[in-house]
Amino acid sequence: MQKAKSFIISKHLVMEAWNRIRSNGGSAGIDNQSLKDFEKNLKDNLYRIWNRMSSGSYMPSPVKLVEIPKSGGGSRPLGIPTVSDRVAQMVVVLVLEPSLEKVFHQDSYGYRPGRSAHDALASARKRCWKFDWVLDMDIKGFFDNIDHSLLHKALSRHTQENWMLLYIKRWLEVPYERGNGELIERTKGVPQGSVIGPVLANLFLHYAFDAWMSKNYPSVPFERYADDTICHCKNKEEAEKMKEVIQKRLNSCGLALNESKTKIVYCKDSNRRASHTTVKFDFLGYTFQPRKAESSKKQYFLSFLPAISNKAKKKIGTVMRSWWRTSRTDIGLKEIAARVNSIIQGWINYYGRFYKTEMYGLLNRINQRLIIWVTKKYKRFRGRKTRAKEWLGMFARNNPVLFAHWRFGIRPLKTN
């Protein structure tokens, strides 16, 4: 007779968790087992996860620590669990997330089903038209400083499932492991890169910020995407007050605002006459600032609008330059398009949603590189850049959907 399991966990749930993990992709953890390796013995691997989670004997492996360089200098720690641990975490997410979705705030957008960064940006744009001031917040080392005891307190409000509480505790406490085998003890924080991290981070900030704001300052709307948050204020005095009270609130939860990156911003436009040194802020890869706009009557005015940020442009430019480290004259335009189109389309889909004209110059750099490619590929165009441009322009007119940015309207010789 088979011994009864300590916890009731469905095998179908484990299979669904695997399907989600496989579709998400990702690299191997400290055991160097890839998704393909895991799938070679899928039935046994999934049974092992189910059996151990059901019996209470499941113990996670250390989290592989990878340091990711930050654009402003320094690095950000990224934790990569093993495939088995990612599947186990997804099991908990599938059970926990639906109950949390019922209580999460409407203006929390990050890592939530049916919500996106574009939703947060659209809301921020409308509120910047309505409210004159913004408090642009930056929480110092948020993911690394989440208080475990406060997080467990929040979790206990939403689940009485002992197995979930047990395994979440183990995931929070399991050490990082460096490439040289060094183990780093963890007493606080949630690893960025873990499957369950976004859900736990949202739960923590729901109580540390969202619910607290709704209760104490319901007239101050905000948009929050993970820890990236902005608050809308009627005047400068209110913005200064909110900065002070939010700092105190975060301090009480073991967090702190980054003073050098947190700022008060005036949403300057044609109708706003006040003066303030800071009139722009970055949010989710976009810069909000005064920009020229056109009314329905074809009249120009100054509006406060989002467009792709300079930081995002710089990152995209770095990727573009990497494409041309070799001349690529061994392949044709169709092959080049096949290699880069999905990336270009991703940029267009995300950064072309608001004030898309700000992307035109950036995308036209691809055409400039293609013109250089033509001069190197074909002998008759060497040293004749103008003729190469004319030839590429004609080619683009005959093949207007070959490159993603041509479909977007950025073609050689075309006036934007």
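Residues numbered from 1 in each chain as written. Predicted model: local features only at pLDDT ≥ 70, side-chain atom pairs only at ≥ 80, totals over all residues. Heavy atoms only, no water.

Asks: What am I meant to see in unusual backbone geometry here?
Replies: Generally, phi is negative for residues other than glycine and the peptide bonds are trans, each holding for most cases. With phi around 60 degrees, asparagine 32 is a residue other than glycine that occupies positive phi space. The topology assignment puts asparagine 32 in the loop between α1 (11–24) and α2 (35–40). The backbone of tyrosine 355 shows a phi angle near 50 degrees, a positive value even though the residue is not glycine. As for its position among the elements, tyrosine 355 is in the loop between α11 (333–351) and α12 (360–377). Relative accessible area serves as the criterion here: at 26%, tyrosine 355 is assigned to the partly exposed category. (Helix = DSSP H or I, 4+ residues; strand = E, 2+ residues; numbered from the N terminus. Buried < 20%, exposed > 50% of the residue type's maximum accessible area, 1.4 Å probe, protein only.)

Asks: Looking at this model, I keep getting lost on the sheet that holds strand β11 (residues 300–308). Mind explaining?
Replies: Within a beta sheet, neighbouring strands are joined by backbone hydrogen bonds and run either parallel or antiparallel to one another. Across the sheet, which stays open at both edges, the three strands sit in the order β9-β10-β11 with antiparallel pairing between neighbours. Since the sheet does not close on itself, it has two edges, and those belong to β9 (281–283) and β11, each with one partner. Across the sheet, the axes of successive neighbouring strands diverge by a mean angle of 50 degrees, strand direction being ignored. As paired elements, strand β10 (residues 286–294) and β11 share nine bridges and run antiparallel to each other. Bridge pairing in β11 links tyrosine 286 to isoleucine 308. (Pairing = 2+ DSSP bridges. Axes fitted to C-alpha atoms, helices over the stretch in contact; angles between N-to-C directions.)

Asks: Explain the packing of helix α4 (residues 83–101) against helix α7 (residues 162–173) here, please?
Replies: Packed helices, taken two at a time, are described by their axes: the angle between them and the distance between them. Packing of α4 against α7 leaves a shortest axis separation of 11 Å and a crossing angle of 135 degrees. With respect to α7, the axis of α4 lies oblique. Of the two elements, α4 crosses α7, and the hand of that crossing is left-handed. Contacts between α4 and α7 involve Asp85, Ala88, Gln89, Val91, Val92, Val95 and Leu96 from the first element and Trp163, Met164, Ile168 and Trp171 from the second. Residues of the contact of α4 with α7, tallied by class, amount to nine nonpolar, one polar and one charged. (Parallel < 35°, antiparallel > 145°, perpendicular 65-115°, else oblique. Left-handed = near helix turned anticlockwise from the far one by under 90°. Contact = heavy atoms within 4.5 Å. Nonpolar A, V, L, I, M, F, W, Y, C, P; charged D, E, K, R; others polar.)

Asks: What am I meant to see in the nonpolar core here?
Replies: Across soluble globular proteins, you tend to see nonpolar side chains buried next to one another. Among the nonpolar cores identified, the biggest contains 70 residues, and Met53, Val87, Met213 and Ile246 are the most heavily contacted of them. Residues Ile308, Leu392, Phe408 and Ile410 belong to the second largest nonpolar core, which totals 51 residues. (Core = buried A, V, L, I, M, F, W, Y, C linked by side-chain atoms within 4.5 Å.)

Asks: Any chance you could explain the pattern of salt bridges here in plain terms?
Replies: When their charged atoms lie close together, side chains carrying opposite charge are able to pair. Counting across every chain of the model gives 15 salt bridges. Between glutamate 238 and lysine 234 there is a salt bridge, with its nearest N and O atoms 3.0 Å apart. A residue is classified by how much of its surface remains accessible, and glutamate 238, at 15% relative accessible area, is buried. The shortest N-O distance in the salt bridge between glutamate 358 and lysine 313 comes to 2.9 Å. On the criterion of sequence distance, the pair formed by glutamate 358 in the loop between α11 and α12 and lysine 313 in helix α10 (residues 310–323) is long-range, its members being 45 residues apart. (Salt bridge = Lys/Arg side-chain N within 4 Å of Asp/Glu carboxyl O.)

Asks: What should I look at first to understand the side chain of serine 108 in this one?
Replies: Considering the arrangement of structural elements, one finds serine 108 in the loop between α4 and α5 (117–130). For serine 108, a relative accessible area of 0% translates into the label buried. Within polar-contact distance, the side chain of serine 108 engages the side chain of arginine 224 at 3.0 Å. Not counting residues within four places of it along the chain, the set of residues in contact with serine 108 comprises Arg115, Asn202, Asp210 and Arg224. (Polar contact = N/O pair within 3.5 Å; in protein donor to acceptor, adjacent residues only side chain to side chain.)

Asks: Honestly, a positive patch on the surface in this entry has me stumped. Any pointers?
Replies: A cluster of like positive charges, contributed by Lys70, Arg76, Lys261, Lys311 and Lys315, occupies part of the molecular surface. Counting through the fold element by element, arginine 76 comes out in strand β2 (residues 75–80). The partly exposed category is assigned to arginine 76, whose relative accessible area is 30%. (Patch = residues over 30% accessible without salt bridge, like charges linked within 9 Å, V, L, I, M, F, W, Y side chains within 5 Å. Areas by Shrake-Rupley, 256 points an atom, 1.4 Å probe, with all protein chains shown as cover. Lys, Arg positive; Asp, Glu negative; His and termini not counted. Charge placed at Lys NZ, Arg CZ, Asp CG, Glu CD.)

Asks: Even after reading the chapter, I still don't get the pairing of strand β7 (residues 228–233), so can you show me in this structure?
Replies: Consecutive side chains of a regular strand alternate in pointing toward one face of the sheet and then the other. Most of β7 is tucked away: five of the six residues are buried. Pairing of strand β3 (residues 133–137) with β7 involves five bridges; the strand directions are antiparallel. What sits directly across from aspartate 136, in β7, is isoleucine 230. Inspection of the sheet shows strand β6 (residues 222–225) paired to β7 by four bridges, in the antiparallel sense. By the bridge assignment for β7, phenylalanine 222 is matched with cysteine 231.

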